[in-house]
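Listed below are the residues making up each chain.
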Amino acid sequence: MKVIICGAGQVGYGIAERLSQEENEVSVIDTSAALINAITETLDVRGYVGHGAHPDVLAKAGAEQADMIIAVTLYDEVNIVACEVAHALFSVPTKIARIRSQSYLLPEYADLFSSRNMSIDVTISPEIEVGKMVLRRISFPGAVDVARFADDAIAMVAIECMEDCPVVDTPLEQLSQLFPDLIATVVGVLRDGKLFIPRSGDQLHVGDLAYVICQREHTRRTLGLFGHEEQEAKRIVIAGGGNIGLYVAQRIEQMQPRSRVKIIETDRARATFIAEELKNAVVLQGSSLEQSLLQQADIQDADLMITLTNNDQVNILSAVMAKALGCRSNLVLVNSTSLSEVSDSLNIDSVINPRAVTISRVLQHVRKGRIRSVYAVQNGAAEVIEAEALETSPLVGSCLRDLDLPEGIRIGAMLRDGKVLKPGGETRIKAKDRVVLLATRKAVRDVEQLFRVSIQYF
């Protein structure tokens, strides 16, 4: 696939890195020569210094042969125009634009990006996507990571196996026998920094991170089975009143009116603005690194500290300070992959990487076959994929035990006629089933083949 990426910042770099690793032909455009030099020196991509919305620059980057353009510059208007130009002059089939300004995304303007108004196939709002992720983490305390699939009927939760985890040293197949009515399947395990697909006879160890696909209504029960019965946070302190912080606070007020929210924002004008936008939340102006301000926010009595500023170091340090001052748990926004990897040693409970969230949305449209949703885990070491089985799929008709599934794939659940099914040896996948599975990076191509759209389908 030939892909043009407009924007070589953190998000653009992450997308280029992932797509180039998969042997796609990637061209990157940015007005910064320094960013283009950095990305071409470290990745197998072509770089072009220029404006991503200018026709001559797009032409140099190979827009006439491109299969997709992904516009993720810092400016919404540049992203919109780049997609429009790519469509009008070069007939690029798939156009993805990052939209950050919330004014474009207000419900009353929902029709703005419809196909009859603009030639943009997919809009991505990192702030809203990250905000939704934060809210899912709040809803399921004890989960290290959470994602939803199949119209929210199926969930993926990453669960750490602690010392008191009841299911440690128990064969996975025995768990199914002990809890036959629980629709939950362990599809991946991270152990000593390596992710692998477990077999039925494998056991979980203390310190493992288990990736479980389950019926959404069974999520809390699944967490409890692993020894995680943490209560949902009611007293929450948010550091950072930007788009993400404001979105999270507003949604908490709507969904959890009994929760008490306090926001710390450094900029006085912004603090005043969000105070006017919120109904009940308390807004404090100052730095979340100031111990006196954290104490003023009653951090010692807080259930959760969420750090959502634009500075990774501030997010990490303020979260660590909050725990030291008595806050029960923390959730940290970290853009840097290297900083995310050292979070475990810093008394940080959970990390969200906004770049990973955006990349997952992009991969959904890069994948071939009838792929409906993608969520990358462990920096792309594996993907949780939701795919629709067609009549021509080689999966349809045979019992799962008789299928010679490629190595690196484990099916977690299926949605059929609105009902979630747990896969077993005698299970047969039917056409139109929505299958949620985990696949290692090497097995992603095999998943595309399993759910490919054959010519007979038409």
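Residues numbered from 1 in each chain as written. Predicted model: local features only at pLDDT ≥ 70, side-chain atom pairs only at ≥ 80, totals over all residues. Heavy atoms only, no water.

Undergrad: Quick question: what am I supposed to make of the overall build of the chain here?
TA: A count of helices and strands for the chain gives 14 helices and 22 strands. The C-alpha radius of gyration computed for the chain amounts to 23 Å, which stays within 12% of the reference 23 Å derived for 458 residues, consistent with globular compactness. Summarising its shape, the C-alpha atoms of the chain cover approximately 65 × 65 × 45 Å along the three principal directions. Counting across all 458 residues of the chain, residues that qualify as buried make up 54%. Per element, the accessible surface of the chain, about 20800 Å² overall, is 47% carbon and sulfur. With 48 positive and 59 negative side-chain charges, the chain shows a spacing of 4 Å between the two charge centroids. (Helix = DSSP H or I, 4+ residues; strand = E, 2+ residues; numbered from the N terminus. Rg over C-alpha atoms; globule rule 2.2 N^0.38 Å. Buried < 20%, exposed > 50% of the residue type's maximum accessible area, 1.4 Å probe, protein only. Areas by Shrake-Rupley, 256 points an atom, 1.4 Å probe, with all protein chains shown as cover. Lys, Arg positive; Asp, Glu negative; His and termini not counted. Charge placed at Lys NZ, Arg CZ, Asp CG, Glu CD.)

Undergrad: How do you make sense of the sheet that holds strand β20 (residues 409-416) when you look at a structure like this?
TA: Either a parallel or an antiparallel arrangement is found when strands of a sheet pair, and the pairing is made through backbone hydrogen bonds. Ordered in space as β18-β19-β22-β20-β21, the five strands form an open sheet in which the pairing is antiparallel. With partners counted over all chains shown, the strands left at the sheet margins are β18 (371-377) and β21 (419-421), one partner each. Recorded for the sheet is a direction-independent mean angle of 20° between the axes of neighbouring strands. Sheet topology places β20 next to β21; three bridges connect them, and they run antiparallel. For arginine 416, the partnering residue across the bridge sits in β21 and is lysine 419. (Pairing = 2+ DSSP bridges. Axes fitted to C-alpha atoms, helices over the stretch in contact; angles between N-to-C directions.)

Undergrad: Looking at this structure, how should I read the UniProt feature "domain: RCK N-terminal" (unreviewed entry) in the chain?
TA: Within this numbering scheme, the UniProt entry marks residues 1-124 and 233-363 as carrying the feature "domain: RCK N-terminal" (unreviewed entry). As annotated, residues 1-124 has a helix share of 35% and a strand share of 22%, and its two end C-alpha atoms lie 21 Å apart. (UniProt positions renumbered as here; feature names shortened; annotations may be inferred.)

Undergrad: How should the side chain of arginine 136 be read in this particular structure?
TA: Examined against the element boundaries, arginine 136 turns out to sit in helix α5 (residues 126-139). Buried charge arginine 136 goes without a salt bridge, the closest partner of opposite sign being glutamate 129 at 5.8 Å. For arginine 136, the contacting residues outside a window of four places in its chain are Val146, Ala147 and Arg148. (Salt bridge = Lys/Arg side-chain N within 4 Å of Asp/Glu carboxyl O. Contact = heavy atoms within 4.5 Å.)

Undergrad: What's the story with the sheet that holds strand β16 (residues 329-333) in this structure? I'm lost.
TA: What the six strands build is an open sheet, ordered β14-β13-β12-β15-β16-β17; its pairing is parallel. Pairing within the sheet leaves two strands with one partner each, and these edge strands are β14 (282-285) and β17 (350-352). The mean inter-strand angle of the sheet, taken between neighbouring strand axes irrespective of direction, is 15°. Across five bridges, the pairing between strand β12 (residues 235-239) and strand β13 (residues 260-265) is parallel. Looking at β13, one finds that alanine 239 is bridged to isoleucine 264. With respect to the sheet, helix α9 (residues 268-277) is in contact with β13 and β14, its orientation differing from that of β14 by roughly 175°.

Undergrad: It is not clear to me how the pattern of salt bridges should be interpreted in this structure. Could you clarify?
TA: Two side chains that carry opposite charge are able to pair once their charged atoms sit near each other. According to the stated counting rule, one finds 28 salt bridges in the structure shown. Across the salt bridge formed by arginine 221 and aspartate 181, the nearest N and O atoms sit 3.2 Å from each other. In this pair, arginine 221 is assigned in helix α7 (residues 219-225) and aspartate 181 in the loop between α6 (172-178) and β9 (184-191), connecting sequence segments 40 residues apart. Aspartate 181 gets classed as partly exposed once you look at its relative accessible area, which sits at 48%. The partner of arginine 328 in a salt bridge is aspartate 303, with the nearest N and O atoms 3.7 Å apart.

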